[in-house]
Amino acid sequence: MILYGIPSCDSCRKALKEIRAAGQEVEFRDIRTEPLTEAERGEFLDAFGDALINRASTTWRGLSEEERAGDAGALLAANPTLMKRPVIREGESLHLGWKPDTRARVLKA
């Protein structure tokens, strides 16, 4: 299992803690220091569409209207923290966020 996020993200920290407490192994990937590849961005966008872009983030608010209207993949390449977090890869499955439904699927509760 791989959790994609940033260390300062509360949702990422909660998810990591709960997954490890459930006895599951999880690798943390900091998307700032190891950005998503073009293939990963494409895969995540195919899976989640526009939901992958965090429009409530400080980064989003700092973008111009022209930048916001740009290609989502290019936006994520230029601004990795625009990605809604965490994205969790569990085998062939991808999960977005750490809401109760995702938590139940990942923790098998």
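Participant: Go over helix α1 (residues 10-21) with me, naming the residues and quoting the values.
Facilitator: Relative to the 16 Å expected for twelve residues at 1.5 Å per residue, α1 spans 16 Å between its end C-alpha atoms, a close match to the ideal helical length. Within the span of α1, buried status applies to C12, A15, L16 and I19. Considered in projection along α1, the buried side chains sweep an arc of 100° and stay on one side of the axis. Of the exposed residues in α1, the ones pointing more than 90 degrees away from its buried face are K17 and A21. Buried-residue contacts for α1 involve β1 (2-5), β2 (27-30), β3 (87-90) and α6 (100-107). Backbone geometry just downstream of α1 places G23 in the positive-phi region, at approximately 85°.

Participant: Explain the pairing of strand β4 (residues 93-96) to me, and be specific about the residues and the numbers.
Facilitator: As paired elements, β3 and β4 share four bridges and run antiparallel to each other. Residue R89 lies in a different strand from β4, and its bridge partner there is L94. Between β3 and β4, which pair antiparallel one after the other, the connecting turn spans two residues, and G91 there sits at a positive phi close to 65°.

What counts and how
Residues numbered from 1 in each chain as written. Predicted model: local features only at pLDDT ≥ 70, side-chain atom pairs only at ≥ 80, totals over all residues. Heavy atoms only, no water. Helix = DSSP H or I, 4+ residues; strand = E, 2+ residues; numbered from the N terminus. Expected span 1.5 Å × (residues − 1). Buried < 20%, exposed > 50% of the residue type's maximum accessible area, 1.4 Å probe, protein only. Arc of directions from axis to C-beta. Contact = heavy atoms within 4.5 Å. Pairing = 2+ DSSP bridges.

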